[in-house]
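Now for the letters of each chain:
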Amino acid sequence: MNDKNRPLDEEHSRPESLDDDTIEALGELSKALETIHRVRGHLYSAHQLVGGADLTLDRVVKLMRRAGRGEIADRVEQELLGRNLLPGRWTFQIVEEFDDGYYAAFQEIERDAREKLAGGRRHIFEAEMKERRRTHGMPGHEATP
């Protein structure tokens, strides 16, 4: 086995039974899951941003009333403050539904595929790519820490 095909370490080595297409498919599944992790982060950002904006409306109402703009204050207070983002849902409910449904299913399916096909090993595709792309013997190109 030449150096370019040698696994980085046992944790990232390819099981002998796996073909290139399976390794690539597992890599793509992992990549898709990483995208869903980012989606989850964006949902939490939206949750915090919407919550912060809602809390800011308390100050808007107070300032409008102090400025004598009771009609605007009433409208903000009655129509915006505490309003659902989606029918029947505040953002915490959206995040919880996402976490317990789509996100949990995605993680479980990705984990199951890795367990069944690769003995639970992660990032085999990337590990093989690293081995192909690094310059052996060059500082900063070490296989492992």
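Scroll up for the structure.
Residues numbered from 1 in each chain as written. Predicted model: local features only at pLDDT ≥ 70, side-chain atom pairs only at ≥ 80, totals over all residues. Heavy atoms only, no water.

> Hey, could you run me through the overall build of the protein in this one?
A tally of helices and strands in the protein yields four helices and zero strands. Helices (α) and strands (β) of the protein occur, in sequence order from the N terminus, as α-α-α-α. Taken over the C-alpha trace, the protein has a radius of gyration of 25 Å; the compact-globule value for 145 residues is 15 Å, which it surpasses by more than 25%. Projected onto its principal axes, the C-alpha coordinates of the protein cover approximately 80 × 35 × 20 Å. Looking at the protein residue by residue over its 145 residues, the buried ones come to 22%. Counting only contacts in the protein whose residues sit at least 6 apart along the sequence, the fraction spanning at least 24 positions is 67%. Total accessible area computed for the protein in this model is approximately 10400 Å², and 54% of it derives from carbon and sulfur atoms. (Helix = DSSP H or I, 4+ residues; strand = E, 2+ residues; numbered from the N terminus. Rg over C-alpha atoms; globule rule 2.2 N^0.38 Å. Buried < 20%, exposed > 50% of the residue type's maximum accessible area, 1.4 Å probe, protein only. Contact = heavy atoms within 4.5 Å. Areas by Shrake-Rupley, 256 points an atom, 1.4 Å probe, with all protein chains shown as cover.)

> Before we go on, may I ask you to explain the pattern of salt bridges in this structure?
Any two side chains of opposite charge can pair, on the condition that their charged atoms come close. Applying the stated criterion across every chain yields a total of 11 salt bridges. A salt bridge links Asp-99 to Arg-40, with the nearest nitrogen and oxygen atoms 2.7 Å apart. Here the residue Asp-99 occupies a position in helix α3 (residues 91-118), and Arg-40 occupies one in helix α1 (residues 20-66), the gap between them amounting to 59 residues. Since its relative accessible area comes to 16%, Asp-99 is described here as buried. For Arg-40, a relative accessible area of 27% corresponds to the partly exposed category. (Salt bridge = Lys/Arg side-chain N within 4 Å of Asp/Glu carboxyl O.)

> Where do I start with the side chain of Arg-114 in this structure?
With respect to the secondary-structure elements, Arg-114 resides in helix α3. Judged by relative accessible area, which is 13%, Arg-114 ranks as buried. Within polar-contact distance, the side chain of Arg-114 engages the side chain of Glu-110 at 2.8 Å. Each residue touching Arg-114, except ones within four places of it in the same chain, is listed here: Leu-26, Gly-119, Gly-120, Arg-121 and Arg-122. (Polar contact = N/O pair within 3.5 Å; in protein donor to acceptor, adjacent residues only side chain to side chain.)

> Please explain the nonpolar core as it appears in this structure.
General note: in soluble globular proteins, nonpolar side chains tend to be found buried as a group. Counting six residues, the largest nonpolar core is built from Leu-18, Ile-23, Leu-26, Ala-113, Ala-118 and Ile-124. Breaking this core down by element, the ones donating at least two residues are α1 and α3. Contacts of Ala-118, omitting those with residues within four sequence positions, involve Pro-15, Leu-18, Leu-26, Ala-113 and Ile-124. Formed by five residues, the second largest nonpolar core is a distinct cluster that contains Leu-33, Ile-36, Phe-98 and Tyr-103. (Core = buried A, V, L, I, M, F, W, Y, C linked by side-chain atoms within 4.5 Å.)

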